[in-house]
Amino acid sequence: MFSNIGVPGLILILVLALIIFGPKKLPEIGRAFGQTLKEFKKSTRELTDDVMSDIDEDKKKLSK
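Glancing now at the overall build of the chain. Looking only at helices and strands, the chain has one helix and zero strands in total. With the principal axes as the frame, the chain shows a C-alpha extent of 65 × 25 × 10 Å. Residues classed as buried in the chain amount to 3% of the 64 residues present. Surface accessibility of the chain: about 6200 Å² in total, with carbon and sulfur atoms responsible for 67%. If the 11 positive side-chain charges of the chain are averaged to one point and the 9 negative ones to another, these points end up 8 Å apart.

What follows is the structure, given as structure tokens:
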């Protein structure tokens, strides 16, 4: 998704965010974004683990 932005585009986005939100709000927004990504990764990992455990259970049942 972000592979085509490059360094100049990233700098432009950061400058625009700084102008729009200001220096006081920017760390809060970054922290919230980081926590959101962390929760998304955690839930994705849990979902993957659940699916893999179901597959393992099905394999055990079929092998009996």
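The structure having been displayed, the exposition proceeds.
Right, let's talk about the environment of Leu-26 for a bit. Summarising the element assignment, Leu-26 is placed in helix H1 (residues 6-63). As a C-alpha pair, Leu-26 and Ser-63 span 37 residues in sequence and 55 Å in three-dimensional space. Residues within four places of Leu-26 in sequence aside, it is in contact with Ala-17, Leu-18 and Phe-21.

Reading the values: the criteria
- Residues numbered from 1 in each chain as written.
- Predicted model: local features only at pLDDT ≥ 70, side-chain atom pairs only at ≥ 80, totals over all residues.
- Heavy atoms only, no water.
- Helix = DSSP H or I, 4+ residues; strand = E, 2+ residues; numbered from the N terminus.
- Buried < 20%, exposed > 50% of the residue type's maximum accessible area, 1.4 Å probe, protein only.
- Areas by Shrake-Rupley, 256 points an atom, 1.4 Å probe, with all protein chains shown as cover.
- Lys, Arg positive; Asp, Glu negative; His and termini not counted.
- Charge placed at Lys NZ, Arg CZ, Asp CG, Glu CD.
- Contact = heavy atoms within 4.5 Å.

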